[in-house]
Amino acid sequence: MTEQKNTIYLDYNALAPIAPECMDAALECMRWGIGNASSKHHAGERAKYFMIEARAQVAALLGAQTAEIVFTSGGTESIHTAIYGALALAPHKRHLVTSRVEHPATLQLLKHLEAQGTRVTYLPVDTQGRIDVRQLQQAITPDTALVSLMWANNETGVVFPIAEIAAICNAHKVLLHCDAVQAAGKLPINVQQVKVDLLSVSGHKLHAPPGIGALFVRKGLKLPPLLFGQQERARRGGTANVPGIAALGVACLLAFDTVPLGVTQIAERRDRLERGIVARFPFARVNGGAAERVANTTNIRFGELDAEALLLKLDGAGICAAQGAACSAGGAEPSHVLTAMGLDAQAAQASIRFSVGRYTRNDEIDTVLEILPQIVASLVADAA
Ligand code: PLP
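Everything quoted here is computed from the prediction, not taken from an experiment.

(A) Examining the packing of aromatic side chains more closely. Applying the stated criterion to the full structure yields 6 aromatic pairs. Ring plane angle 70 degrees and centroid distance 5.8 Å describe the contact between Y49 and F50, whose orientation is recorded as edge-to-face. Residue classification places Y49 among the partly exposed positions, given a relative accessible area of 44%. A connected cluster of aromatic rings, assembled from ring pairs, spans W32, Y49 and F50.

The following block contains the structure:
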């Protein structure tokens, strides 16, 4: 991070620091004196210009057509639009398939829908957080309106085989929504090759500000809106957040340029940290370490230490990391992702997620590796 020199920020999965290029894009947009993108006058036209450019940039990152991109307020709204929309498209079907390790943005909506009579199958994962696609095959029934699965897990970074999942859904003629919030910018995504019907992305995981996101809706799918109105060709009502959209466009452009190159560098940083921790603490275990993972995430169980206390001490030393999803952190419940992988409550509560990114430096990783043993020793002493 550039602004707070003493902070070592290893929580990119919660929010990736806003890129200066994205700030500039949003500021430029505001300085230009844009109007409401729906207005017919020239100020409105200026806003439209920013949106056209950004839509093309988002589409390019996903291999989509511009008309397939709907701007939303973020991942949660995109996910809700996809799930509610799929159910509204097939009112006679009342079954959904998902996994036990989805983000709360999906799981809490599904809990709500279950209370209203929708049937949900939650696919289990193995000890490494992997799904068994044969179980997906078996779970799909003629009553299934939608399969909704994440591409990359926010807590462990474990990747689901979305291409294979898409082939299964296509063969069964069942709609597939992919929560790609933690995959976009970290893995190559091409919706022409991987035939998902719907795909969600979120700006603040891509170095744009929070409060902006997008939903890919495959051409020909007449998805009903979640928010009614004329905007986004009646697919998402509400005045467009044009500065946010401009920033998201630039974020996608940057990601498009850096996915291949950046991922190698990011993997090096993550591996340096992960290997360093495992080498220093014989009791440390990488949750999901044997699975395919996105390059930036490591989730480490620190034996029987209390992760919350460890995080507090890390924070005191200027190091930001996380325990589970940012949205559920602070809750007393152990991570649903880790418990689905077979960890008991204590093991889950001894686990920490470090997520690095574009601005993480080797010297920052080395500082963490230097400080951690002192912190762990003090926690062990406190516990004794
Ligand atoms: N899905 C995943 C995998 C996420 O990690 C998040 C946010 O952490 C979301 C969905 C929700 O996205 P947003 O915060 O943009 O609503």
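(B) Representation of the site of the ligand in the model. T76, D179, Q182, S202 and K205 are the nearest of the 13 residues found near the ligand. Here an oxygen atom of the ligand and a backbone polar atom of G75 are 2.8 Å apart. At a separation of 2.8 Å, an oxygen atom of the ligand approaches a polar side-chain atom of Q182. Relative to its free-state accessible area of 390 Å², the ligand is covered by the protein chains to the extent of 89%. Among the elements that take part in the shell around the ligand, helix α3 (residues 75–89) stands out by supplying 3 residues, more than any other. When grouped by side-chain class, the residues that make up the shell around the ligand number 3 nonpolar, 8 polar and 2 charged.

(C) Highlighting a negative patch on the surface. On the surface, a cluster of negative charge is made up of E21, D24, E28 and E53. A per-element tally of the negative patch places helix α1 (residues 20–31) first, with 3 residues.

(D) Region of interest: the pairing of strand β3 (residues 95–99). Most of β3 sits out of view: 5 of its 5 residues are buried. Because side chains alternate across β3, one face comprises the buried residues H95, V97 and S99, and the other comprises L96 and T98, equally buried. In the sheet, β3 pairs with strand β4 (residues 119–123) via 5 bridges, with the strands oriented parallel. In the strand pairing of β4, L96 is matched with V120. The parallel pair β3 and β4 is bridged by helix α4 (residues 104–115), and the resulting crossover is right-handed.

(E) Quick peek at empty space enclosed by the protein. For the structure shown, the criterion picks out 2 cavities of 30 Å³ or more. The calculated volume of the largest cavity comes to roughly 40 Å³. Around the largest cavity, the lining residues are V101, G129, M150, N153, T156, V158, F160 and V337. Residue classes in the lining of the largest cavity are distributed as 5 nonpolar, 3 polar and no charged. Its boundaries defined by the atoms lining it, the second largest cavity holds a volume of some 30 Å³. Lining the second largest cavity are V70, T81, L215, V217, L223, P224 and R235. Its residues assigned to classes, the lining of the second largest cavity comprises 5 nonpolar, 1 polar and 1 charged.

(F) Just the pattern of salt bridges, in detail. For the coordinates displayed, the defined rule picks out 13 salt bridges. A salt bridge links R55 to E232, with the shortest nitrogen-to-oxygen separation between them at 2.8 Å. On the criterion of sequence distance, the pair formed by R55 in helix α2 (residues 42–62) and E232 in helix α7 (residues 231–234) is long-range, its members being 177 residues apart. We note that R55, like E232, is buried. R275 serves as the salt-bridge partner of D271, at 4.0 Å between the closest nitrogen and oxygen. Linking D271 with R275, this pair stays in helix α8 (residues 242–280), spanning 4 residues, or about one helical turn. You can call R275 exposed: its relative accessible area is 59%.

(G) Quick look at unusual backbone geometry. Of note, E232 is a non-glycine position whose phi angle comes to about 50 degrees, a positive value. Residue E232 is classed as buried on the basis of its relative accessible area of 11%. We note that A234 has phi near 65 degrees; this positive angle belongs to a residue other than glycine. With respect to the helices, strands and loops of the structure, A234 is situated in helix α7.

(H) Region of interest: the sheet that holds strand β2 (residues 69–72). The 7 strands are arranged β2-β8-β7-β6-β5-β3-β4 in an open sheet whose pairing can be described as mixed. Strands at the two margins of the open sheet, each flanked by one partner only, are β2 and β4. Mean inter-strand twist for the sheet, computed between neighbouring axes without regard to direction, equals 20 degrees.

Cut-offs used in this document
Residues numbered from 1 in each chain as written. Predicted model: local features only at pLDDT ≥ 70, side-chain atom pairs only at ≥ 80, totals over all residues. Heavy atoms only, no water. Phe/Tyr/Trp six-rings, centres within 6.5 Å; stacked < 30°, edge-to-face > 60°. Buried < 20%, exposed > 50% of the residue type's maximum accessible area, 1.4 Å probe, protein only. Near = heavy atom within 4 Å. Polar contact = N/O pair within 3.5 Å; in protein donor to acceptor, adjacent residues only side chain to side chain. Areas by Shrake-Rupley, 256 points an atom, 1.4 Å probe, with all protein chains shown as cover. Helix = DSSP H or I, 4+ residues; strand = E, 2+ residues; numbered from the N terminus. Nonpolar A, V, L, I, M, F, W, Y, C, P; charged D, E, K, R; others polar. Patch = residues over 30% accessible without salt bridge, like charges linked within 9 Å, V, L, I, M, F, W, Y side chains within 5 Å. Salt bridge = Lys/Arg side-chain N within 4 Å of Asp/Glu carboxyl O. Lys, Arg positive; Asp, Glu negative; His and termini not counted. Charge placed at Lys NZ, Arg CZ, Asp CG, Glu CD. Pairing = 2+ DSSP bridges. Right-handed = clockwise from strand over helix to strand, strands pointing away. 1 Å grid on protein atoms, 1.4 Å probe; cavity = no way out; pocket = protein on both sides within 12 Å on 5 of 7 lines; lining within 4 Å. Points joined across faces, edges and corners; volume = space filled by probe spheres on them. Axes fitted to C-alpha atoms, helices over the stretch in contact; angles between N-to-C directions.

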